[in-house]
Every structure is written in structure tokens, then in C-alpha cells.
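Listed below, chain by chain, are the residues.
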Amino acid sequence: MKNSRLFSEISRHLTECLLDEPAAVKCFLQAMHGYEAKCPGCGMAVTSSRALESFWALRRVSCRRCNKLFSGFSGTPLQNLKISARKLYLIVFYTGLGLSPKEISDRLDLQVSTVQVWVEKAKEIHLHEGLPSPDASAALEPSSRRGVNV
Ligand SMILES: [Zn+2]
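Reading the values: the criteria
- Residues numbered from 1 in each chain as written.
- Predicted model: local features only at pLDDT ≥ 70, side-chain atom pairs only at ≥ 80, totals over all residues.
- Core = buried A, V, L, I, M, F, W, Y, C linked by C-beta atoms within 7 Å.
- Buried ≥ 20, exposed ≤ 12 C-beta atoms within 10 Å, placed from the backbone.
- Helix = DSSP H or I, 4+ residues; strand = E, 2+ residues; numbered from the N terminus.
- Contact = placed C-beta atoms within 7 Å.
- Axes fitted to C-alpha atoms, helices over the stretch in contact; angles between N-to-C directions.
- Left-handed = near helix turned anticlockwise from the far one by under 90°.
- Nonpolar A, V, L, I, M, F, W, Y, C, P; charged D, E, K, R; others polar.
- Expected span 1.5 Å × (residues − 1).

The protein chain is annotated in an unreviewed UniProt entry as Transposase of Geomonas subterranea.

Spelled out as C-alpha cells, the structure:
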């Protein structure tokens, strides 16, 4: 590739400051839930537009049926995520490019053990079946897609 040196150069600067945290959060939420926002306790679907907005923004939602408080990461491998979703995104991305945990830790200013933990956690993520096409921008508005009323 003619621009491989350029790729190498700019990829060294691909750190979390180039990414948007809410977008990274939505990326993981959609990978795990598709369009389905549900209570991890009783399985009740989240239906109010306000609760859906909270769910997709990773704010806490209260289940109408069982009163459980949960977020979109509750009951998933990301439940106790201690690093930003942007860093997790880059850990997954760089792992996919073949970088070692040590190389990733240098790029993201993380402990190697932290990178190793989240590489393993990411492997446990159960991808939602029937994920949408790559054009996900409109798909991230579940209420409009599903015609949910307030
Ligand atoms: Zn519930």
C-alpha cells in the first residue's frame, strides 16, 4: 500500500480523543441489544420514549414491572466497565488489527493487565442476532424505528 507509512503515522494518533464517547457507548449497546431495550431482570421491554432515551445514553432506567434499576450494560460483560467506552472500542479495534496487549497498553496509556481483562471481557460479549446494516445512524433511534408511543 502506497500510503502505508501515512497509515502507520496517523494510526499512532488514534487515541480516545479522536472518538466520541456517546457514539462509542451506542456502538456497544447496539452490538449487544440490537434495537431491543429490555429489563435484564424480568425481560420487560422498555417502551416509554424517555426511558428509551436513557437506555441508549447508558443512563439508569427503572423497570415498570419489577422496579429493577438497570443500564444498557447491566447483565452484560461490560457491567463494571471502568475505562471509557472509547478506550474499549480501541482495545477491540487494535486487537482486531493484531496488536498485542502490550502495544495497546502503550497506545492507550493503560496497564497491560487492564487491556488483557477487557480483551477477555469483549470476547464474552454476546452479539445481538440480526444486527442492522452498516448504516446505523438512523437505526440508533429505536423509538422512531419501532413506532413506540410515549
Ligand atoms: Zn424488570
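More follows now that the structure is in view.
In this structure, V46, L52, F55 and I91 are the most contacted members of the largest nonpolar core, which totals 22 residues. Elements that contribute at least two residues to this core include exactly α2 (21-33), α3 (49-56), α4 (85-96), α5 (101-108) and α6 (112-123). Per-element accounting of this core gives the leading share, 5 residues, to α4. Leaving out residues up to four positions away in the same chain, I91 has contacts with I104, V115, W118, V119 and A122.

Looking at where W56 falls in the secondary structure, it is placed in helix α3. Remark: the alpha-carbon pair of W56 and G72, spanning 16 residues in sequence, is separated by 6.9 Å.

At a minimum axis distance of 10 Å, the contact between α4 and α5 shows a crossing angle of 140 degrees. Where α4 crosses over α5, the two elements pack in a sense that is right-handed. Contact with α4, carried on its side by K87, L90, I91, Y94 and T95, involves I104, R107 and L108 of α5 and no other residues of that element. Looking at side-chain class alone, the contact of α4 with α5 contains 5 nonpolar, 1 polar and 2 charged residues.

What follows is about unusual backbone geometry. Positive phi is not limited to glycine here, since L58 has a value of about 65 degrees. Structurally, L58 can be placed in the loop between α3 and β1 (61-62). L58 sits in the partly exposed class, given 19 other C-beta atoms within 10 Å.

Here we take up α2. Given a rise of 1.5 Å per residue, 13 residues ought to cover 18 Å, and the 18 Å separating the end C-alpha atoms of α2 matches this to within 8%. The complete set of buried residues in α2 reads V25, K26, F28, L29 and Q30. Those residues of α2 that are buried are in contact with α3 and α4. Within two residues after α2, G34 carries a phi angle of roughly 60 degrees, on the positive side.

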